[in-house]
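Architecture and fold: a report
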Amino acid sequence: MISSARLWRRRPAYSGRWEAARLSPLVLTVLIAGLAFSTPREIAFSRLLPAAPALAAAMWPVFPTVVLGAFCFLLMIVLSFFHTDLGTQYTSAAIIAVTLAAAYGSHVRHQREETLFQVRLVADAAQKVLLRPLPRRIEGIEIESLYLAAQEQARIGGDFYEAIGTPHGVRLLIGDVRGKGLSAVGAASAVISCFREAAYDEPDLRGIVHRLETTVTRHSAAFPVQDQPEHFATALLAEIPHGGDRLLILNCGHPPPLIAHCGKVRILEPALPSPPLNLAALIGDRYWVDIVPFTPGDQLLLYTDGVSETRDHTGRFFPLPDWMRRQDTEHPRELLDRLHADLLRHSGGRLGDDIAAVALRHTTAQDREALGTDD
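Per chain, residues are indexed from 1 in the order of the written sequence. In view of the model being predicted, local features appear only for residues whose pLDDT reaches at least 70, and side-chain atom pairs are presented and counted only at 80 or more, with totals across whole chains, interfaces and linings using the full set of residues. The basis for every side-chain value is the complete set of non-hydrogen atoms in the structure, without hydrogens or water.

1. Side note on the packing of aromatic side chains
Between rings of Phe, Tyr and Trp, where Trp is taken as its six-membered ring, a pair exists when centres lie within 6.5 Å; planes separated by under 30 degrees are stacked, by over 60 edge-to-face, and by other angles tilted. A full pass over the atoms with the stated rule returns 1 aromatic pair. Summarising the aromatic geometry, the rings of F318 and W323 are spaced 6.2 Å apart at their centres and angled 50 degrees between planes, so their arrangement reads as tilted. For the pair F318 and W323, one class covers both residues: buried. The classification of residues rests on relative accessible area computed with a 1.4 Å probe and restricted to protein chains. Under 20% of the type maximum is buried, over 50% is exposed, and intermediate values are partly exposed.

2. Considering the nonpolar core
Core analysis: the largest hydrophobic core is formed by 55 residues, its most contacted members being I143, L172, L212, L237, L247, V358 and L360. Counting from the N terminus, the helices are the DSSP runs of H or I reaching at least four residues and the strands are the DSSP runs of E reaching at least two. A total of 10 residues in this core trace back to one element, the largest contributor, which is helix α7 (residues 181-201). The contact rule is simple, with two residues in contact once any of their heavy atoms fall within 4.5 Å. Excluding residues within four positions of it along the chain, L212 makes contact with L173, V191, C194, F195, L237 and L277. By nonpolar core is meant a set of buried Ala, Val, Leu, Ile, Met, Phe, Trp, Tyr and Cys residues that side-chain atoms within 4.5 Å join together. Listed in part, the 20 residues of the second largest apolar core include L148, L335, L351 and I355.

3. Concerning helix α12 (residues 332-347)
The end-to-end C-alpha distance of α12 is 22 Å, a good match for the 22 Å that 16 residues give at a rise of 1.5 Å each. Tucked into the core, α12 has its buried residues touching β2 (141-148), β10 (299-303), α10 (305-308), α11 (320-325) and β11 (355-362). Count one or two residues on from α12 and you reach G348, which has phi positive near 70 degrees. Given a helix with a known number of residues, its expected span is that number minus one, times 1.5 Å.

4. Thoughts on a nonpolar patch on the surface
Residues with no salt bridge and a relative accessible area higher than 30% make up the patches, which join like charges within 9 Å and nonpolar side chains (Val, Leu, Ile, Met, Phe, Trp, Tyr) within 5 Å. In these tables, accessible area is a Shrake-Rupley quantity obtained with a 1.4 Å probe, and a residue counts as shielded only by the protein chains included in the view. Any Lys or Arg side-chain nitrogen found within 4 Å of a carboxyl oxygen on Asp or Glu counts as a salt bridge. A surface patch of nonpolar side chains, amounting to about 450 Å² of accessible area, comprises F37, V78, F81 and F82. The element contributing the most residues to the nonpolar patch is helix α5 (residues 62-82), with 3 residues. By the element assignment, F81 lies in helix α5.

5. Concerning the pattern of salt bridges
For the structure shown, the criterion picks out 14 salt bridges. Residue R211 is joined to D201 by a salt bridge in which the shortest nitrogen-to-oxygen separation is 3.6 Å. Of this pair, R211 sits in helix α8 (residues 205-222) while D201 sits in helix α7, and the two are 10 residues apart along the sequence. Classification of D201 by relative accessible area gives partly exposed; the value is 48%. Note that R345 and D342 form a salt bridge whose closest N and O atoms lie 2.3 Å from each other. Here D342 and R345 lie together in helix α12, a separation of 3 residues that amounts to about one turn. The exposure class assigned to R345 is exposed, which follows from its relative accessible area of 59%. Connected via shared salt-bridge partners are R136, E144, R333 and D337.

6. A look at unusual backbone geometry
Not every positive phi belongs to a glycine, and E139 is a case in point at roughly 55 degrees. If you trace the backbone, E139 turns up in the loop between β1 (137-138) and β2.

7. Concerning the pairing of strand β5 (residues 233-240)
Buried residues dominate β5, accounting for 8 of its 8 residues. Burial along β5 is two-sided: A233, A235, L237 and E239 facing one way and T234, L236, A238 and I240 facing the other are all buried. Pairing geometry for strand β4 (residues 169-177) and β5, over 8 bridges, is antiparallel. Bridging from a neighbouring strand, V177 pairs with A233 of β5. When DSSP locates at least two bridges between a pair of strands, those strands are taken to pair. Examined bridge by bridge, β5 and strand β6 (residues 246-252) share 5 bridges and lie antiparallel to one another. Its bridge partner being in β6, A238 is matched across the sheet by I249. Where β5 folds back onto β6 in an antiparallel hairpin, the turn is made up of 5 residues, including G243, whose phi is positive at roughly 105 degrees.

8. Some thoughts on the environment of G253
You can see G253 is positioned in the loop between β6 and β7 (258-261). The class for G253 is partly exposed, based on a relative accessible area of 44%. Sequence spacing of G253 and T234 is 19 residues, and the spatial spacing of their C-alpha atoms is 5.2 Å.

9. Looking at the sheet that holds β7
Strands in a sheet are paired, the pairing made by backbone hydrogen bonds, and the direction either parallel or antiparallel. In spatial order, the strands read β1-β2-β11-β10-β7-β8; together these 6 strands make up an open sheet with antiparallel pairing. For this open sheet the edge positions go to β1 and β8 (264-267), each flanked by a neighbour on one side alone. Where β2 meets β11, 8 bridges bridge the pair, whose relative direction is antiparallel. Within β11, the position partnered with S145 by the bridge is V358. Helix axes are fitted only over the stretch in contact, all axes being lines through C-alpha atoms; the angle between N-to-C directions runs from 0 to 180 degrees. Along the sheet, α12 makes contact with β2, β10 and β11, crossing β2 at roughly 20 degrees.

Now the structure itself:
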């Protein structure tokens, strides 16, 4: 089991703000003591001393909470020597009672934090399976990924991505399951697992998307949700065949990717719309594959709607295409790091939805020479 001290150190770090808040019970004690000694007896600020251990229970472990309560009790005894008729016995009894209740409350909170910490460990392990780290490089393609949860305590959600080197070339998937919580995680896991198999087996993207469609339909039937009778997911599949001079894209209702080519940024809107996963039976199962050039030096940005729909305090969406045009970085990691920082800056640090993004760059001959490869 995890000790109180370890859990205290593991509290979510709202950095300096949380550290300052943890000192508030001690600050409150000093403030009440100072007022009690410096003001007339009739005001009786000493009667507020039980508030200090009560506040400590919300953020301190059991032992420091009890120590603070004992200090307040001794402080009340000392005050009784300077001011008579303070109602010392009643205030002291209140301090003892509140301290005992605060110690119990701190113990219960500690147990809940310990349980939550264990759950987060499981969630972290689940995320590593669901969103395992992508390979940094497949053949002549550099790949980097970004995932941000809308809530700081969250670990996994309905956004997903994958990149695999296959006999058919580099194949990629990014998508977003409708809804939140464990039901969305389960559907995302089913889609990724299917893609990891189908990417090797199917000769073209249409074959892959048909298998993904079947998987989501079966998962939705097997795991219905009361307020969400059917799962569906937007998804974008991409393929860079061996040789890497072109890019094949099949967009199933997903936000269009951006490609930077020769210093210009282009939004890769699909020529014909394809249905999101598990909606083919309603709006048709015609899937369209777009083909665009993808030459050495080009960069591709795949993302979920949490990126493009991030809002600032006025409700304005994050201007992703304009932002992309202003970037002059050559490496996908730097691009995603800047995107991460600018999204948090634009939203004021409060994300309204989960965010996932994958950045790719077609390496040049100079890059391959520097790495000592001949891809």
